[in-house]
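The chain contents come next:
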Amino acid sequence: MSFEWPWQYNFPPFFTLQPNVDTRQKQLAAWCSLALSYCRHHKLYTLGIMEVQECPVFNHKNIDRKLSTEAILIVFEELRKKGNLEWLDKNKTQCLVMWRRPEEWGKLIYQWVSRSAMVNSCNTFPPEFHGLEEWMLIRSLQALQTDGKAEVITMDDGKGVKFF
Amino acid sequence: MDRFTWSNGLLEMNETLVIQQRGVKLYDGEDKAKLDVGIALLSTHQLIWRDLKNHECCIAIPLSQIIYFEEQAAGIGKRTPPLSLGYFFRRLTEELSQKRWESTPMSQPIPTATNSQTGRTRAVGIVGIERKIEERRKETEKNISEAFEDLSKLMVKAKEMVELSRSIANKIKDKQGDITEDETIRFKSYLLSMGIANPVTRETHGSGTHYHLQLAKQLGDILLAPLEERGGMMALTEVYCLVNRARGMELLSPEDLVNACKMFESLKQPLRLRIFDSGVMVVQLQSHSEEEMISSALDNVTDKGSLTAEEFAKLLGLSVLLSKERLLLAEKMGHLCRDDSVEGLRFYPNLFNSQA
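Read on for a plain summary of the structure.

Thresholds applied
- Residues numbered from 1 in each chain as written.
- Chains lettered and ligands numbered in written order.
- Predicted model: local features only at pLDDT ≥ 70, side-chain atom pairs only at ≥ 80, totals over all residues.
- Heavy atoms only, no water.
- Helix = DSSP H or I, 4+ residues; strand = E, 2+ residues; numbered from the N terminus.
- Buried < 20%, exposed > 50% of the residue type's maximum accessible area, 1.4 Å probe, protein only.
- Contact = heavy atoms within 4.5 Å.
- Areas by Shrake-Rupley, 256 points an atom, 1.4 Å probe, with all protein chains shown as cover.
- Pairing = 2+ DSSP bridges.
- Polar contact = N/O pair within 3.5 Å; in protein donor to acceptor, adjacent residues only side chain to side chain.
- Phe/Tyr/Trp six-rings, centres within 6.5 Å; stacked < 30°, edge-to-face > 60°.
- Lys NZ or Arg CZ within 6 Å of the ring centre and 35° of its normal.
- Patch = residues over 30% accessible without salt bridge, like charges linked within 9 Å, V, L, I, M, F, W, Y side chains within 5 Å.
- Salt bridge = Lys/Arg side-chain N within 4 Å of Asp/Glu carboxyl O.

On to the overall build of chain B. Looking only at helices and strands, chain B has 13 helices and 13 strands in total. When burial is assessed residue by residue, chain B has 37% of its 356 residues classed as buried. Partitioning the contacts of chain B with sequence separation of at least 6, the portion at a separation of at least 24 is 53%. Of the roughly 22300 Å² that chain B leaves accessible, carbon and sulfur atoms contribute 55%.

This brings us to the overall build of chain A. Within chain A, the regular secondary structure consists of five helices and seven strands. For chain A, the succession of helices and strands along the chain, N to C, is α-β-α-β-β-α-β-β-α-α-β-β. Out of the 164 residues belonging to chain A, those deemed buried represent 40%. Pairs at least 24 residues apart make up 52% of the contacts formed inside chain A by residues separated by at least 6 positions. Here chain A displays about 9700 Å² of accessible surface, and carbon together with sulfur accounts for 53% of that area.

Once that is clear, we can look at the environment of A:Gln25. Residues and elements named next belong to chain A. Its place among the elements puts Gln25 in helix α1 (residues 21-41). Taking the relative accessible area as the measure of exposure, Gln25 reaches 55% and is therefore exposed. Along the backbone, Gln25 and Glu78 are 53 residues apart, and their C-alpha atoms lie at a distance of 10.0 Å.

Let us look at the sheet that holds strand β12 (residues 336-341) of chain B. The strand order across the open sheet formed by three strands is β11-β13-β12 (chain B), and the pairing between neighbours is antiparallel. Every interior strand has two partners, whereas the edge strands, β11 (307-308) and β12 of chain B, have only one.

With respect to the helices and strands, the residue A:Gln27 is situated in helix α1. The sequence separation of A:Gln27 and A:Pro13 amounts to 14 residues, and the corresponding C-alpha distance is 9.2 Å. With residues near it in sequence (within four places) discarded, A:Gln27 still touches A:Pro13, A:Phe14, A:Phe15, A:Thr16, A:Leu17, A:Gln18 and B:Phe352. Here A:Gln18 takes part through its backbone nitrogen, which lies 3.1 Å from a polar atom of the side chain of A:Gln27.

The next thing to look at is the sheet that holds strand β2 (residues 17-24) of chain B. Residues and elements named next belong to chain B. The sheet built from five strands is open, its strands ordered β1-β7-β6-β5-β2 with antiparallel pairing. The outermost strands of the open sheet, each flanked by one partner alone, are β1 (5-6) and β2. Where strand β5 (residues 38-43) and strand β6 (residues 46-51) come together, five bridges link them in antiparallel fashion. Bridge assignment links Leu41 to a residue of β6, and that residue is Ile48.

All names here are of chain A. Overall, the coordinates contain 18 aromatic pairs over all chains when judged by the stated rule. In this arrangement the basic side chain of Arg100 is found over the ring face of Trp105, its NZ or CZ atom lying 4.9 Å from the centre. The cationic tip of Lys149 hangs over the ring face of Tyr110; the distance from NZ or CZ to the ring centre is 5.8 Å.

Another point: a nonpolar patch on the surface. All names here are of chain B. A cluster of nonpolar side chains, namely Ile144, Phe148, Leu151, Leu154 and Met155, defines an oily patch on the protein surface of about 520 Å² accessible area. When residues in the nonpolar patch are grouped by element, the largest group, three residues, is from helix α4 (residues 149-174). Within the fold, Phe148 resides in the loop between α3 (118-147) and α4. The class of Phe148 is partly exposed, set by a relative accessible area of 49%.

This is the structure in structure tokens:
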């Protein structure tokens, strides 16, 4: 299934950081949702600032408009504030994109676990967990732990989880 | 040596230094003079020798009094290379042949070679300098008056024009019955754009607040019609040009104009001085509706899809400055958004707001 671009993507002003505060808020919200849905579609979990500038999301060659580096960083800051992004280094060159936040993952995992506990058979991971990277999994489990719904146990041959 | 006189070694106004030569010893005839090693300076007017050790000791001889000189390679300044001294003599020969001192006389007339002359020489020098200053002043005055000759002629004409318009205005007043009102009004408008009969000047109303108040009243009258024509708003620079062109003679300074415009509100005039965020100052009609202006701007932009300030100006027949201000205002109100790229600054309808 090909990625569906939102109407803003073809609107030139979308690529100019708006000076009007209210307009800017709406613009940034649209950018955040576009960035996240793009990452979700392509199962991207980490982004490097360098490649991102050339990524079709921020560089729309058809209308000859691209988002400035300054604006990209502002969008990323918005994502970070919402909990969808985490910088991997101080210089802000690499980041983790959590188009689904750990808490949301945790919930999904818990639901799946509860479901599979009901049925006494070997279960495969449902499609939504495909591609889930380990670090994301661990964070989700930690979120569940904070919530009191799970516990991460260290065993001799690795880690295990106990669900409540 | 008796031709040499004591000198301060300083050059005069029209005198130029040609060449100087260090390490020169002076000889009077066969005997060595009581002067040691010094520096010889050749100017367009005189030959100066200054003692290197004692700078106060300085003598000079006017070139005009050098009858004959010859170069003696041997014995002259064994320290200095003969080559450079030869060059010095070449320049001396040149100066003597050119006789530049004749075309550019010094203020100090060439003194005769007697020591008792020194006192009188100095007095003559000062008088000469004074004379020169007086000459220069007269010259400057002449130049200035020549330059302003044309302007004073223009002023005379302008005065005549104002007199003419005043007399015609009076004639109209007297002959009220003969001329139709329509024609009178038209003629008065011509007068207005050409020259005001009684300009408010600093002489009639002094300076300061009172002056500005009167000025503001007058401006209120003058600017109503032009403002209506231009859609209710004019940049202050346009106002300045219009008003001064109408006044003709007693022109307004920019400060006076601004100060007068600031008083519109207190005088309950139907005009306002308004300063935009960007610093642009305009005079606008009180009745001027902001919302109307913005909504019409939005309509225009939506109609064309997007507009730059230049395109908008062309559409409305306004200056680019004012049309940009209008677009910026609409953006501030949230009706428009901007697209800033290498292609320029364009304004679009704010779809972020209107579309979900």
